[in-house]
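A look at the structure
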Amino acid sequence: MISKQLPKIWYGGDYNPEQWDKDVWDDDVRMFKLAGIDVATLNVFSWALNQPDETTYDFSGLDAHINRLYDNGIYTCLATSTGAHPAWMARKYPDVLRVDFQGRKRAFGGRHNSCPNSPTYRKYSERMADKLGERYKNHPGVLIWHVSNEYGGYCYCENCASAFREWLKKKYGSLTRLNKTWNTRFWGHTFYDWEEIVPPNALSEEGEGNVSAFQGISLDYRIFQSESLLECYKIEYNALKKHTPDVPITTNLMGTYPELDYFKWGKEMDVVSWDSYPGIDTPVSLTAMNHDLMRGLRSGQPFMLMEQTPSQQNWQPYNALKRPGVMRLWSYQAIAHGADTIMFFQLRRSIGACEKYHGAVIEHVGHEHTRVFRETAELGKELENLSDRLLDARVNAKVAIVFDWENRWAINLSSGPSVSLDYVDEVHKYYKALYDRNIPIDLIGVDDDLNQYDIVIAPVLYMVKSGYADKLKAFVKNGGTFITTYFSGIVNEHDLVTVGGYPGELRDLLGIWVEEIDALDPKHANEIVVAGDWGRLSGRYECRLLFDIIHSEGAEVLAHYGSDFYANTPVVTSNSFGNGQAIYVGSSAEQRFVTDLVASLCDQKQINPLLNTPDGVEVTERVKGDQTYLFILNHNSSPTNFQIGKKKLNLLTGQMVNGEVTIAPRDVMILK
Amino acid sequence: MISKQLPKIWYGGDYNPEQWDKDVWDDDVRMFKLAGIDVATLNVFSWALNQPDETTYDFSGLDAHINRLYDNGIYTCLATSTGAHPAWMARKYPDVLRVDFQGRKRAFGGRHNSCPNSPTYRKYSERMADKLGERYKNHPGVLIWHVSNEYGGYCYCENCASAFREWLKKKYGSLTRLNKTWNTRFWGHTFYDWEEIVPPNALSEEGEGNVSAFQGISLDYRIFQSESLLECYKIEYNALKKHTPDVPITTNLMGTYPELDYFKWGKEMDVVSWDSYPGIDTPVSLTAMNHDLMRGLRSGQPFMLMEQTPSQQNWQPYNALKRPGVMRLWSYQAIAHGADTIMFFQLRRSIGACEKYHGAVIEHVGHEHTRVFRETAELGKELENLSDRLLDARVNAKVAIVFDWENRWAINLSSGPSVSLDYVDEVHKYYKALYDRNIPIDLIGVDDDLNQYDIVIAPVLYMVKSGYADKLKAFVKNGGTFITTYFSGIVNEHDLVTVGGYPGELRDLLGIWVEEIDALDPKHANEIVVAGDWGRLSGRYECRLLFDIIHSEGAEVLAHYGSDFYANTPVVTSNSFGNGQAIYVGSSAEQRFVTDLVASLCDQKQINPLLNTPDGVEVTERVKGDQTYLFILNHNSSPTNFQIGKKKLNLLTGQMVNGEVTIAPRDVMILK
Amino acid sequence: MISKQLPKIWYGGDYNPEQWDKDVWDDDVRMFKLAGIDVATLNVFSWALNQPDETTYDFSGLDAHINRLYDNGIYTCLATSTGAHPAWMARKYPDVLRVDFQGRKRAFGGRHNSCPNSPTYRKYSERMADKLGERYKNHPGVLIWHVSNEYGGYCYCENCASAFREWLKKKYGSLTRLNKTWNTRFWGHTFYDWEEIVPPNALSEEGEGNVSAFQGISLDYRIFQSESLLECYKIEYNALKKHTPDVPITTNLMGTYPELDYFKWGKEMDVVSWDSYPGIDTPVSLTAMNHDLMRGLRSGQPFMLMEQTPSQQNWQPYNALKRPGVMRLWSYQAIAHGADTIMFFQLRRSIGACEKYHGAVIEHVGHEHTRVFRETAELGKELENLSDRLLDARVNAKVAIVFDWENRWAINLSSGPSVSLDYVDEVHKYYKALYDRNIPIDLIGVDDDLNQYDIVIAPVLYMVKSGYADKLKAFVKNGGTFITTYFSGIVNEHDLVTVGGYPGELRDLLGIWVEEIDALDPKHANEIVVAGDWGRLSGRYECRLLFDIIHSEGAEVLAHYGSDFYANTPVVTSNSFGNGQAIYVGSSAEQRFVTDLVASLCDQKQINPLLNTPDGVEVTERVKGDQTYLFILNHNSSPTNFQIGKKKLNLLTGQMVNGEVTIAPRDVMILK
């Protein structure tokens, strides 16, 4: 478990007492207790307060808050406050200010605003972590460290440019190798001196919508910036660890946030935490996928839900309230997918600045007699009752979906074949096919082992990194089922095309050659025509976007195109390879097709739903030792019925359930 | 009246003889006389011409134009020419050039382009005003001063930053107070030195669509910039006044122009003037509202229509001609709402640069045999006939609508709850409800007295400034009817939320507590369900955008929501308070609801239409001593009938009208 | 013919062997031979490779490529490599980097990126041309010079500003004349020193969508930048010509590319070449118009198709494959309109950077067994068979359409009357009317002679340059038919309005006066009502956008408006002038009207279709001596039938055709 000090599902959230006067603080504690809140995240944005100038540090306020909370049985998740630099620092040391994508030097303002390669920022953020570690290392109220906040945002300043050149020297060794890798003879971009290299932004190589003229440099710059920010995190991590080797350290991530390669980040965290902000229209399956992705960053280790809103957000175009029951439902969804904490942004609403219309446990009215508070307190009570039973329980999945940030970057940076290809959407389509059937799924990175899975799905595996084709082949040879799609196997990890016929290194595994790739405006569809039946596949399905023109080189053709000049040529194939099979879906298929295909393959592998439920009822399972916990979540706004095989105990009600069961709208069951 | 020298409705417009050769000038005068034009606005953009370098001033051309016009019976509205700085000034003193919202130093170009805190600009604009005042103080042809032109446009340069800091020091006294007011402990923005404060723009605190990370600084910057520009105006005003204490001074405003707090500006002007540029699709009620707003800037004092186009504009996407009769109709609409002048931009069309496709009295063809000229001349004749009869006549309204620029800024700057909330649209909806019923309306600022009104409407009174709640309560206690809407009473004048329950300081007045505010994409509607009838309210109406979840604390519930989880909770309430009542409309209601509600309240107060007319026939009244003038404007393109009670004289035809009357398409009656 | 060394239709394209290793080169040559490729464009982007630093030049690689190709019977189209400067140059001499429209100094990146007034760029590009000329002047494999690549892109740097001022001094002689011409008294922009003038961009006079506050300076800046880039071309041209007076020189243009006045460019080229990139939805008539425009740049001289893609592109939103047969069909379309070469971008696909998804003769698979290669090879064989028969054959047209870049710029820069007026679209509408009837058309510039034509059409001849009205009058007096449209005759070559009544200098020629110009949102239509019949005109047609309100001053009224306040006033007129007639179409008419009008006028002039064919079958003719070649192109995807009068030989099949003929889908006939 994350910490033995608090052996239950932590319940709390971001708390900014420094924005309030003393008279409010006691009332806060009173209400936290009413709500069952036992952890508060402090100090997220107090750098300027704790360090009013270059040499002065003053933690007296923070001391008082931590102590007052601890005296009332509330633990602290202690942030390092480096998510926004102080104004005095920006004025005195402008190197902390970023240069943006447009090439503009920023002025002081906002947050998550520091240049990750600023010497000043690195020096003072490390010093702050060191001071905090030193000061609170023996405080029993400090449960966990929260480094900075929601890392993100690239910088294009001169310091970054210099650091990038050093990074490139280390990566490539010589300009000859760099020139070759970036294919700089194209458009005569050969570099003869490292100093000639400038960051790729709107003034150099990149344009609207992230398209780059040189994918090589743009891809490297993303990797470099992700690592630069990670380096900032690690500097603080190390400064803290020195003082408190036993206190876990995390930083809050953001699901499929595009800028950082979170698989690299996960490796550097003691526990993954993340901030989940679905909107009213976000598919619940997408939220689930985000949870599974976050769980995947550390190979299935339970994660923290560090932030969610008790009700509305402030930064969406239309900030709907969470409907009654939804906050509880989505909280259990997080737990159902592996979360061991439920935490909010924020415990009390600000009265000024841009988050004052973001929901909070304590609303502007300032008392507990609100719907939001009541729902919070009810959940608090339930979590208390659950005690430590679910902690450390794991999800066991036989199906894995590969998610890779570098692959995603390369797809986005590509000029052609289609502007409408969205990697996350395509991944989600395959995820949803499994999710809708209540089949557990792991989201894994390309460094993860495949052996524990029966089925591995890698949608749009455009980039095949060194060694990855071999890993996939070994998996299939051993009997695994591999599914990939159109626009896969095209490039290596440097975005250089693998010549000799698409899908490149996957060609023999898939038993096909893709001769051409057609790209049409998504308003035009073609058809996937299944001749006869194949598993659950039958009849005609729509497909769009990209259309691979495929020659089978041994693969069985499961379906043909229905129209256009490649009508009657293969669109879906299955290749026997060793003891397994490798499936190729040559176009962006509609959900119904993906659902039928994936279900057919699960049938073959005898991977069955945890439970058969109607639409909108999600089922997951967490396992701890020999105990399994079945989560049943009704996302419908009406009561829904389904069958349960064996008699089970509903942990939330203490009642046994059996046979035909009715679940109330937005209700949750945890069955043992 | 504006000036005793010309005791009639002034008729004329902007005139740029300096763009033409001498041979044209005499022909201009000939045609001005044909058109009944008696005032020409000169010198609007002649700074570079009058001051070819730093030390040389040459007014010989201007002398000649003023004299020639005066010799022909045409007065001059004399502009100070400071709406665009000369190119030599921009080159020699770059401090006159603005830094824009993107942080870019502008180069020479455009107009309304000077930094309002530029020492150079202030020095030379004052000197120019002084020179003009000195030179023309005894000229009998100079009717009025026209300072600069259409002030507007913010600057973000270093001079503005310094001036802003000084302004903040004066406003807040200490950084402690400033930090508190801006809530800078949010995101760790605490300032320890005034120099750390930078203007809020795209490089610091503000983003797309005007949303700010810190509303406090952004709101102050708007107030500061509005005042900085006003200070430029006042510098010139004072320089002129010194020479000509009896010549009125104005500057031309722009209706609901978003950047300037015109209520502050109105106080500094001898007479308000404004430029009215409705497009072919602009609702006529919106034009009317703009007129009433301009009249409201100086508490009902008649204003000048300084600019309108005789026919088309050039800067709209599609610049339609004014249809036959429309120029006359809209001219009388201005008069009907309180204008004592009708003036055009422009008297003769330019042949080069960006306004050459803007309409003019004298078109490019250069003669008077055009539709536009004929219509101009016919109106000129009518205005001559009207003589001084309407001058100084007032509009008497029993209903006032509150309009507040700072409230509007705060709404626009807000991050959440909805991007689609448009303050002007919401105000216009309530305005239109009255306008369509031919009920006179005053648009008033928050400093204006309420005692003269029976009904006061403050749509989306988000910001309640210090003392304003008390003013409203006194008004209602005394028997007044007050109407406000959703998202009101939320913040104080610093955009800090009033804690303790929405609608904050208005809570007891309205007898409600708003627990939550739902925000939905405007494509989703809820319903306002009126149980039984209430006045003219009956049945179901649509509402959108924001949905306050209301608890009555004594207020009568007039209507409930029809759907969603707050179905059957209050949406419209009425609270008895002292001798009056306070109405709350908890969502953005469709026009039909607002119309029925406002009509019901007018019925209660026995505020009746000036006349009952069919759709599209507007009626207003101006009163002078014991004489009332009824304006009837047919905006329809077909003849329309209605009843007139008593026999009246139509001033425009000299005929008596009575009983059933037919008004021709786009025709106007002024009945005495 | 372009060069006697290769007396056939050249076949080949861009080739970048420097991006590949040696082992690929021999295979390339093998496949080039298989495909019938006889010309390769080398060295387009090899500046950095050939000149690794300021003093070192190394052409050894280029030598080898030229020699290897020549040894295998393949000629070289030799580019000068100056389309992108080397990275070392950008670092050492930042004056080569542009300042963009936003005023931002660019960093190294992209291509077509050099400031055209950079002393460094001019010095080193001249030196490169000189070196290449010197080195390859006696090489028998070098067929033609290809200067730089796709010139374009404006710069706004200080060097350009200085050069612009010098250019203006030369053009205007005095500031007095410049101020007058730019009408700078408008908005007080009078310049008293040349140094006060700054380039018009987003920081000074220009805004979104190219609208300018001062058309005068903006128009001059476009002329200046077009000439600056042309000057760069000429510097290289002269450096090459000195060494190889007999080798033709070209640079590749881009059809209706907006930034350069190609009629001026054509005069400086030995042969025009261009890059044709229609998308899957581009009307085939628009492609045809582009070919005719390119042919028109040098008065009908055959041109080179320098680039087209064998299949897909990479820079469109959706990069569709060329359907089977389409590459061949469009290749012959180029020849049918005057091309004497068929060349591709590119011969072998890159594996890295932004054009790796652009089609190529040799795809990533690296062998010849692809659809694209097969189609290429089949066409190669046909072109070999055609030998020199078509070379130098001319198109004889009796109808000309005037196209003028400066007119286009002035229309785009205009503020008002409508943002939706698109010059190219309007020209294309008239072009299509003739194209659809298989009537040959010349696209001509305003310097071209009109005497060879029976009909001259100048859609939206907004700008009438000095002397052009007289030229048109002489043409009509001599019996010619002239057609022009709404918004014509408005300004002179400086964008100054011709006063005295629209259409200005064309007023007597057209026999009309346009009193007003209405502009409506294109969603609103009016009608063109033809009273009785006039030629093929009959009944009602739609018109939109602009609506001239016309008084006939002698012209016959062919049609009236159907609605609005100018219903029943003239919209289409015909004026007898000398022996000819001048037609005016006062609004943007639907295609059907234009088609019927133009057909009627052709009937009058007895200009008959080359052949009557069903929709989608294009017919053109090229004439060489007394031999005529009829091109028949079936753009339909189904077989199509039509009648041929006399028996003819199909050069592509060697068969005679006669009477009723069927042409296969996307097939081509060349009949002698």
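For every chain, the first residue of its written sequence is number 1, and the numbers climb from 1 along that sequence. By the order in which they are written, chains take letters starting at A while ligands take numbers starting at 1. Given that this is a predicted model, residues contribute local features only at a pLDDT of at least 70 and side-chain atom pairs are listed and counted only at 80 or more, while totals for whole chains, interfaces and linings are drawn from all residues. For side-chain calculations, the full set of non-hydrogen atoms in the structure is used, while hydrogens and water are omitted.

Chain A appears in an unreviewed UniProt entry as Beta-galactosidase from Salipaludibacillus agaradhaerens. Of the comments in the UniProt record for chain A, the one headed Sequence similarities (unreviewed entry) reads "Belongs to the glycosyl hydrolase 42 family." UniProt positions are given in the numbering used here, feature names are shortened, and annotations may be inferred rather than shown by experiment. Note on chain A: under the UniProt heading Catalytic activity (unreviewed entry), the record states "Hydrolysis of terminal non-reducing beta-D-galactose residues in beta-D-galactosides."

Strands are runs of DSSP state E lasting at least two residues, helices are runs of H or I lasting at least four, and both sets are numbered from the N terminus onward. Scanning chain A from terminus to terminus reveals 17 helices and 25 strands. Its C-alpha atoms give chain A principal-axis dimensions of roughly 75 × 75 × 40 Å.

Contacts: residue pairs with any heavy atoms within 4.5 Å of one another. If you look at the interface, chain B gives 55 residues, while chain A gives 50 residues. Taken together, both faces of the contact between chain B and chain A bury some 4500 Å²; the carbon and sulfur share is 55%. Throughout, buried area stands for the accessible area (probe radius 1.4 Å) lost by two parts on being put together, summed over both. Its largest share of buried area at the contact with chain A, chain B owes to R185, W187 and L203 of chain B, together 16% of the area lost on that side. Salt bridge criterion: a side-chain nitrogen from Lys or Arg within 4 Å of a carboxyl oxygen from Asp or Glu. At the boundary of chain B and chain A, one finds 6 salt bridges. The salt bridge partner of D495 of chain B is K356 of chain A, with a shortest N-O separation of 2.6 Å. As used in this structure description, the phrase polar contact means that two N or O atoms lie within 3.5 Å; if the pair is within protein, one of them must be able to donate a hydrogen and the other to accept it, and residues adjacent in sequence are counted only when both atoms belong to side chains. At the surface where chain B touches chain A, the tally comes to 33 residue pairs in polar contact (both at pLDDT 80 or more).

The next point concerns the relation of the copies chain B and chain A. Think of it as a corkscrew move, a rotation about one axis and a shift along it, taking one chain copy to the other. Superposing the copies works by least squares over the C-alpha atoms of residues that have pLDDT at least 70 in both of them. With an RMSD of 0.1 Å, the operation that places chain B on chain A is a rotation of 120 degrees combined with a shift of 0.1 Å along the axis. Such a turn and shift between the copies fits a three-fold axis. It is R104 of chain B whose C-alpha, among those of chain B, lies nearest the rotation axis, at 5.3 Å.

Our next topic: the sheet that holds strand β2 (residues 39-42) of chain C. Strand pairing is assigned whenever DSSP identifies at least 2 bridges connecting the two strands. Read across the sheet, 9 strands follow the order β5-β4-β3-β2-β1-β9-β8-β7-β6 (chain C) without closing on themselves; strand pairing throughout is parallel. Edge strands, defined here as strands with exactly one partner in the open sheet, are β5 (249-250) and β6 (252-253) of chain C.

Residue and element names in this part refer to chain A. Residues annotated by UniProt as "active site" (unreviewed entry) correspond here to E150 and E307. The greatest C-alpha distance among the residues just named is 10.6 Å, despite their covering 158 residues of sequence, which places them together in space. By the secondary structure assignment, E150 is in the loop between β4 (142-146) and α6 (158-172). The cut-offs for exposure are 20% and 50% of the maximum accessible area for each residue type, with area from a 1.4 Å probe on protein chains only; residues under the lower value are buried, those over the upper are exposed, and the others partly exposed. Taking the relative accessible area as the measure of exposure, E150 reaches 10% and is therefore buried. Setting aside chain neighbours within four positions, we find E150 in contact with R111, H112, N252, M254, D275, Y277 and E307. Along the polypeptide, E307 turns up in strand β8 (residues 303-307).

Moving on, we get to the pairing of strand β14 (residues 512-519) of chain A. All names here are of chain A. Of all the 8 residues making up β14, 8 are buried; the element is thus mostly covered by neighbouring parts of the structure. By the bridge criterion, 7 bridges tie β14 to strand β16 (residues 537-552) in an arrangement that is antiparallel. Opposite W513, over in β16, you have H551 as the bridge partner.

All names here are of chain A. With respect to topology, 9 strands assemble into an open sheet ordered β5-β4-β3-β2-β1-β9-β8-β7-β6, the strand pairing being parallel. Of all the strands in the sheet, the pair left with one neighbour each is β5 (249-250) and β6 (252-253). Strand direction decides the pairing type here: strand β1 (residues 10-14) and strand β2 (residues 39-42), joined by 3 bridges, are parallel. Within β2, the residue paired with D14 across the bridge is T41. The angle between two axes is taken between their N-to-C directions and runs from 0 to 180 degrees, where each axis is a line fitted to C-alpha atoms and a helix contributes only its stretch in contact. In the packing of helix α5 (residues 119-136) onto the sheet, contacts are made with β3 (75-79) and β4, and the angle to β4 comes to roughly 175 degrees.

Our focus in this paragraph is the packing of helix α11 (residues 326-336) of chain A against helix α12 (residues 371-386) of chain A. Residues and elements named next belong to chain A. In contact at an axis separation of 10 Å, α11 and α12 are set at 30 degrees when each is read in the N-to-C sense. Taken together, the axis directions place α11 and α12 in an arrangement best described as roughly parallel. In this structure, α11 meets α12 at a crossing whose hand is right-handed. Along its contact with α11, which presents M327, R328, S331, Y332 and I335, the element α12 presents E375, T376, L379, E382, L383 and L386. Residue classes in the contact of α11 with α12 are distributed as 6 nonpolar, 2 polar and 3 charged. For classification, angles of less than 35 degrees are called roughly parallel, those exceeding 145 degrees roughly antiparallel, those between 65 and 115 degrees roughly perpendicular, and all remaining angles oblique. Crossing handedness is defined as follows: a turn of the near helix away from the far one that is anticlockwise and smaller than a right angle gives a left-handed crossing, while the clockwise case is right-handed. In this classification, Asp, Glu, Lys and Arg are treated as charged, Ala, Val, Leu, Ile, Met, Phe, Trp, Tyr, Cys and Pro as nonpolar, and every other residue, Gly included, as polar.

Attention shifts here to the interface of chain B and chain C. Counting from both sides, the interface comprises 50 residues of chain B and, opposite them, 55 residues of chain C. Here chain B meets chain C over a buried area of about 4500 Å², counting both sides, of which 55% is carbon and sulfur. When the area that chain B buries against chain C is broken down by residue, the three leading residues are F108, Y318 and Y357 of chain B, summing to 16%. We note a salt bridge from E516 of chain C to R371 of chain B, for which the minimum N-O separation is 2.8 Å. Viewed at the interface, chain C and chain B are joined by 33 residue pairs in polar contact (both at pLDDT 80 or more). Among the elements of the structure, α2 (47-50), α4 (87-92) and α12 (371-386) of chain B are those that each provide at least two residues to the side of chain B that touches chain C. Residue contributions to the side of chain B that touches chain C peak at 3 residues, all from α4 of chain B.

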